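Secondary and tertiary structure notes
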Amino acid sequence: MNRYPLWKYLIVLAAVLIGVLYTLPNLYGESPAVQIAGAKTSVKIDQNTLEKADQILKQADIQPTASSFEMNGPVGSVRLRFDSTDTQLKAKDTLEKALNTDPQNPDYTVALNLMSASPNWLTSLGAHPMYLGLDLRGGVHFLLQVDLQGALTSRYDSMAGEARTTLRDAKLKFEDVERNQQSVRATFASQDERDAAADALRRSIPEMVFTTSQSGNTWMLDGTLSAASITQVQNNALKQNIQTLHNRINELGVAEPVIQQQGGDRIVVQLPGVQDVAKAKEILGRTATLEIHMVDDSPAATAALQSGRVPFGLVRYTDRDGRPLLLRRQVILTGENLQDAQPGRDQQTQEPTVNLTLDSKGARIFRDVTRDNIGKRMAIVLFENGKGEVVTAPVIRSEIPGGQVQISGSMTAQEAADVSLLLRAGSLAAPMHIIEERTIGPSLGAANIKQGFDSTLYGFTAIAIFIILYYHLFGLFSTLGLSFNVLLLLAVLSMLQATLTLPGIAAIALTLGMAIDANVLINERIREELRLGLPPQQAIHLGFDRAWATIFDSNLTSLIVGVALLTFGTGPVRGFAVVHCIGILTSMFSSVVGVRALANLYYGRKRKLKSVSIGQIWKPNQD
């Protein structure tokens, strides 16, 4: 009656072993570390970088306790672990001086960080610790102000080009079309030309509102975005900036960053484990913007370039090989018009390529520009840390319709992948600046962990003492089941690589109370069956079976609330809900399956069982 088949005991044993294995990494804590990443897209981080860093430290008589090269997507980073913060700081200074020979133009980002101190044999088995939130691990917190007026300015710049293209397609004469502060102004020589242009522009750009005016012999048409369009541009700028920050920070290996909108024009960025505020700012500053310009290869421009002059209307840039180029100042397209960028290969030459997908407006502009400039070069300029670099400057061979652009040239497959990644992740729709920064030291995080651990431990101890005194041996079974529940919960969180915060620790404490509630129901139900005079073996069997419906109902209602918090909550509320939902599932398994396995293992083999150790059984009054 109270015997499990062998396979059930094996399942419970396997769950215990898995729980121990995946919980262990969380007990080792973290060690001070140094992370090396590329400060420029042209700088590759690979195994050679790791060997170079090890050699630099060896010459300086600094010995890391562990070193590794890790790939996060196509972007790599080197991480070196040390036994103390003093050694960590000394190693950082040594590596920075050796790797960045030009401090004004660094090739590498050398940042202080934290790494798991788990032994290599655990890591090789895929057992990793949970991520810790900013309040437990320490790190940096930034509040960024987004310049939404800058986003509107960029939008008006692109719409000025779109208006110019529309008028040319309609074969309408105009004197000039330029951005005029927060509007687009077109000037004409006659009223008829202006009115015809107004009709054409209202049809092609419905999101703009056009007004007419006159100054002497000049007839003007001013276009401004409607209120709804302004709101949409600003919302899109915020979303694009948040996505860009996500991509950039994830690629640099920061574990579980928090990047979310606050209010109408601010973004909160939290980087757990990053101790160096200056380097954290550098990570944020690496967000890039993309622009497309025409290259001026005329004889006059070439002569001016050779003599060191930059003619009016042109700007000087260098490509990745250091060669100078003169580009026209007019911006044809920006990253706002880029929908996707993927690496590929040319079907005819099999050369590595970068395949761009533009939005509808970008596709229309690109079609017109390529049609009018066949045989000329077009430059894709990437701005990082305020400096522009020409990624590629291909020759336009033919008109390119449909918004599908293929960039090819002297690049390897890895370079094509890197350029694609940077173009996807590197476009900021609006400028940003830091208005608040805050550092949470690892010592404060360690104090939070200790306080959270102590409170959970004291609560567990108090529950264990009470339940054992009240239910005797079954109380011991319940305590072991409670330990099994905590073990499973931590293991599942570690396997999911969830982020644990202070609210998550509170959810663990709540899980303990809910888990012991299930055992109280089971134990009281067994007592009830014994009071009714049933044999002990039958009482144990019916106690577990009849308590299950109540346990299921109570946990199901709690799980519904947890799912609601998980669906609609954000930040700490969501972190609480994740631990709460997982804790409910593990507590049901440990309380019903785990504890029953212990009871069956101890009592199931006793055929002539006279009594069970479950505390005082109060008989009903017979009077």
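Quick note: structure is the one above.
So, here is what we can say about the structure in this document. (Residues numbered from 1 in each chain as written. Predicted model: local features only at pLDDT ≥ 70, side-chain atom pairs only at ≥ 80, totals over all residues. Heavy atoms only, no water.)

Remarks on the overall build of the protein chain
On a plain count of helices and strands, the protein chain comes out with 16 helices and 23 strands. Rg of the C-alpha trace for the protein chain: 33 Å, well past the compact-globule value of 25 Å for 623 residues, more than 25% over. In the protein chain, which comprises 623 residues, the share counted as buried stands at 47%. The long-range share in the protein chain, meaning contacts at least 24 apart out of those at least 6 apart in sequence, stands at 73%. Per element, the accessible surface of the protein chain, about 30,200 Å² overall, is 56% carbon and sulfur. (Helix = DSSP H or I, 4+ residues; strand = E, 2+ residues; numbered from the N terminus. Rg over C-alpha atoms; globule rule 2.2 N^0.38 Å. Buried < 20%, exposed > 50% of the residue type's maximum accessible area, 1.4 Å probe, protein only. Contact = heavy atoms within 4.5 Å. Areas by Shrake-Rupley, 256 points an atom, 1.4 Å probe, with all protein chains shown as cover.)

Points about the packing of aromatic side chains
Following the criterion strictly, the structure yields nine aromatic pairs and no others. Look at Tyr4 and Tyr9: their rings are 5.7 Å apart centre to centre, the planes differ by 65 degrees, and that puts the pair in the edge-to-face class. The interplanar angle of 10 degrees and the centroid separation of 5.8 Å between the aromatic rings of Phe474 and Tyr603 together place this pair among those described as stacked. Here Phe474, found in helix 13 (residues 442-495), pairs with Tyr603, found in helix 16 (residues 572-603); they are 129 residues apart in sequence, far enough to count as distant. For the pair formed by Phe474 and Tyr603, the shared burial category is buried. Positioned above the aromatic ring of Tyr470 is the side chain of Arg527, whose terminal nitrogen or guanidinium carbon lies 4.7 Å from the ring centre. (Phe/Tyr/Trp six-rings, centres within 6.5 Å; stacked < 30°, edge-to-face > 60°. Lys NZ or Arg CZ within 6 Å of the ring centre and 35° of its normal.)

Focus on empty space enclosed by the protein
Per the stated rule, a full pass over the model turns up two cavities of 30 Å³ or more. Considering only enclosed or pocket space, the largest cavity measures out at about 30 Å³ in volume. Lining the largest cavity, in full, are Leu290, Ile292, Leu333, Thr334, Leu338, Leu356 and Leu358. Among the elements of the structure, strand 13 (289-294), strand 16 (333-334) and strand 18 (352-358) are those that each provide at least two residues to the lining of the largest cavity. Grouping the amino acids of the lining of the largest cavity by side-chain chemistry returns six nonpolar, one polar and no charged. Taken as a whole, the second largest cavity spans an internal volume of roughly 30 Å³. (1 Å grid on protein atoms, 1.4 Å probe; cavity = no way out; pocket = protein on both sides within 12 Å on 5 of 7 lines; lining within 4 Å. Points joined across faces, edges and corners; volume = space filled by probe spheres on them. Nonpolar A, V, L, I, M, F, W, Y, C, P; charged D, E, K, R; others polar.)

Focus: the sheet that holds strand 12 (residues 266-272)
In spatial order, the strands read 11-12-6-22; together these four strands make up an open sheet with antiparallel pairing. The outermost strands of the open sheet, each flanked by one partner alone, are strand 11 (258-262) and strand 22 (432-440). Neighbour-to-neighbour, the strand axes of the sheet open up by a mean angle of 20 degrees, direction not taken into account. Where strand 6 (residues 139-146) and strand 22 come together, eight bridges link them in antiparallel fashion. In the sheet register, Val140 faces strand 22, and the bridge partner there is Thr439. (Pairing = 2+ DSSP bridges. Axes fitted to C-alpha atoms, helices over the stretch in contact; angles between N-to-C directions.)

Things to note about helix 7 (residues 191-204)
Over its 14 residues, helix 7 extends 20 Å from the first C-alpha to the last, a length consistent with the 20 Å expected when each residue adds 1.5 Å. Along helix 7, the residues classified as buried are Arg194, Ala197, Ala198, Ala200 and Leu201. On its buried face, helix 7 sits against helix 6 (148-169), strand 8 (184-188), strand 9 (208-215) and strand 10 (218-225). Between the side-chain oxygen at the start of helix 7 and the backbone nitrogen of Glu193 there is a gap of 3.3 Å, and the oxygen is on Ser190. (Expected span 1.5 Å × (residues − 1). Polar contact = N/O pair within 3.5 Å; in protein donor to acceptor, adjacent residues only side chain to side chain.)

Concerning the sheet that holds strand 8
The antiparallel open sheet is built from four strands, whose spatial order is 7-8-10-9. Of all strands in the sheet, those with a lone pairing partner are strand 7 (176-179) and strand 9, marking the two edges. The average angle at which neighbouring strand axes cross in this sheet is 20 degrees, direction not considered. Sheet topology note: the strand 8/strand 10 ladder contains five bridges and is antiparallel. Residue Phe188 lies in a different strand from strand 10, and its bridge partner there is Trp219. Set on the sheet, helix 6 makes contact with strand 7, strand 8, strand 9 and strand 10; between it and strand 7 the angle comes to about 165 degrees.

With respect to a nonpolar patch on the surface
Together, Leu6, Leu10, Leu13 and Leu17 line one region of the surface with nonpolar side chains, adding up to about 420 Å² of accessible area. Under the relative-accessibility criterion, Leu17 is labelled exposed at 54%. (Patch = residues over 30% accessible without salt bridge, like charges linked within 9 Å, V, L, I, M, F, W, Y side chains within 5 Å. Salt bridge = Lys/Arg side-chain N within 4 Å of Asp/Glu carboxyl O.)

Details of the nonpolar core
In terms of nonpolar packing, the biggest core is built from 26 residues, with Phe474, Ile526, Ile540, Phe544, Tyr603 and Val612 touching the most fellow members. Those elements that place two or more of their residues in this core are helix 13, helix 14 (502-531), helix 15 (536-568) and helix 16. Tyr603 has contacts with Leu473, Phe474, Phe477, Gln537, Ile540, Leu609, Ser611, Val612 and Ser613, leaving out every residue within four places of it along the chain. Ranked by size, the runner-up nonpolar core spans 21 residues in total, among them Leu333, Leu358, Phe366 and Val369. (Core = buried A, V, L, I, M, F, W, Y, C linked by side-chain atoms within 4.5 Å.)

Description of the environment of Glu30
Its place among the elements puts Glu30 in strand 1 (residues 30-38). Glu30 sits in the partly exposed class, given a relative accessible area of 35%. Separated by 51 residues in the primary sequence, Glu30 and Arg81 have C-alpha atoms spaced 9.4 Å apart. Apart from the residues lying within four places of it in its own chain, the contact partners of Glu30 are Leu114, Met115, Ser116, Ala117 and Arg137.

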